[in-house]
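Structural overview for review
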Amino acid sequence: LLKMINAEKDENQEEVSKIHKEIVDFMIFCKRLFGKDFYVECAPSKTKDQVLVNKRLYNVAKAFKVKIIPATDSHYLTKEDRPIHKAYLNSKDGEREVDKFYEFAHLMTYDEVFELITPCFIYLDIEEQPEEIAKEILNNTLEIQNKIEDFSLERKQIIPKVEVLDY
């Protein structure tokens, strides 16, 4: 979607059409493969590119009648742990810029996700308010939670009895 946005800015209609077809083909493939278990993920962030992409993701999800959910990338536990994560990353390869990339890469609360997602839907040409869209997106995660079945790998071993031939 970011490539499409950039192609639109460059007025490269050929590239826009190519990317549009790729998106449509991908969405059709995923809907066929996953059925009602297919969701579009958006990422809570304040970065300009991610906000632009989130707006487009919402429109793509609506166009294909697919629910959209937030998906956080959790590399560290809380935003207060960010300096520790930065020190860890820089301990391997020396000083490198990691702040922008990992700024929102912690386990987020409902309120944190709501705060980051809501502004993404301002100025969309739709009737719903940004706050209502954000609540809908967050509540869609509950649907996934309700689909989870308990499963345990803790089982008594079953060793098949097989005749071993003498070669």
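Data block above holds the structure.
Considerations on the overall build of the protein chain
- Summing up its helical and strand segments, the protein chain has seven helices and two strands in all.
- Reading the protein chain from its N terminus to its C terminus gives the helix and strand order α-α-β-α-β-α-α-α-α.
- Computed over its C-alpha atoms, the radius of gyration of the protein chain comes to 22 Å, more than 25% above the 15 Å expected for a compact globule of 167 residues.
- Each principal axis of the C-alpha distribution contributes one length, and for the protein chain these read about 75 × 45 × 35 Å.
- Within the protein chain, buried positions represent 31% of all 167 residues.
- Contacts in the protein chain between residues far apart in sequence, at least 24 positions, make up 68% of those at least 6 positions apart.
- Accessible surface, the protein chain: about 12,800 Å² in total, of which carbon and sulfur atoms supply 54%.
- Side-chain charges in the protein chain split into 25 positive and 33 negative, and the spacing between the mean points of these groups amounts to 2 Å.

Notes on the nonpolar core
- Of all hydrophobic cores here, the largest spans 31 residues; its most connected members are Met 27, Val 40, Tyr 58, Ile 68, Ile 117, Phe 121 and Ile 137.
- Broken down by element, this core gets its largest block of residues, six residues, from helix H3 (residues 48-63).
- Ignoring any residue separated from it by four or fewer positions in sequence, one finds Val 40 in contact with Met 27, Leu 57, Ala 61, Val 66, Lys 67, Ile 68 and Ile 69.

Quick notes on the environment of Phe 38
- Relative to the assigned elements, Phe 38 resides in the loop between helix H2 (13-34) and strand S1 (40-42).
- Along the sequence, Phe 38 and Val 66 sit 28 residues apart, while their C-alpha atoms lie 7.0 Å from each other.
- For Phe 38, the residues in contact, after removing those within four places along its chain, are Met 27, Cys 30, Lys 31 and Val 66.

Section: the pattern of salt bridges
- Scanning all chains against the criterion turns up nine salt bridges.
- Between Glu 136 and Lys 62 there is a salt bridge, with its nearest N and O atoms 3.3 Å apart. Highlighted residues: Glu 136 in helix H7 (residues 130-147) and Lys 62 in helix H3, separated in sequence by 74 residues.
- On the basis of relative accessibility, which here comes to 40%, the residue Lys 62 falls in the partly exposed class.
- The partner of Glu 143 in a salt bridge is Lys 147, and the shortest N-O contact between them spans 3.8 Å. Residue Glu 143 and its partner Lys 147 are both found in helix H7; the two are separated by four residues, about one turn of the helix.
- Counted as one network, the salt bridges with shared partners bring together Asp 37, Lys 67, Glu 143 and Lys 147.

Parameters at a glance
- Residues numbered from 1 in each chain as written.
- Predicted model: local features only at pLDDT ≥ 70, side-chain atom pairs only at ≥ 80, totals over all residues.
- Heavy atoms only, no water.
- Helix = DSSP H or I, 4+ residues; strand = E, 2+ residues; numbered from the N terminus.
- Rg over C-alpha atoms; globule rule 2.2 N^0.38 Å.
- Buried < 20%, exposed > 50% of the residue type's maximum accessible area, 1.4 Å probe, protein only.
- Contact = heavy atoms within 4.5 Å.
- Areas by Shrake-Rupley, 256 points an atom, 1.4 Å probe, with all protein chains shown as cover.
- Lys, Arg positive; Asp, Glu negative; His and termini not counted.
- Charge placed at Lys NZ, Arg CZ, Asp CG, Glu CD.
- Core = buried A, V, L, I, M, F, W, Y, C linked by side-chain atoms within 4.5 Å.
- Salt bridge = Lys/Arg side-chain N within 4 Å of Asp/Glu carboxyl O.

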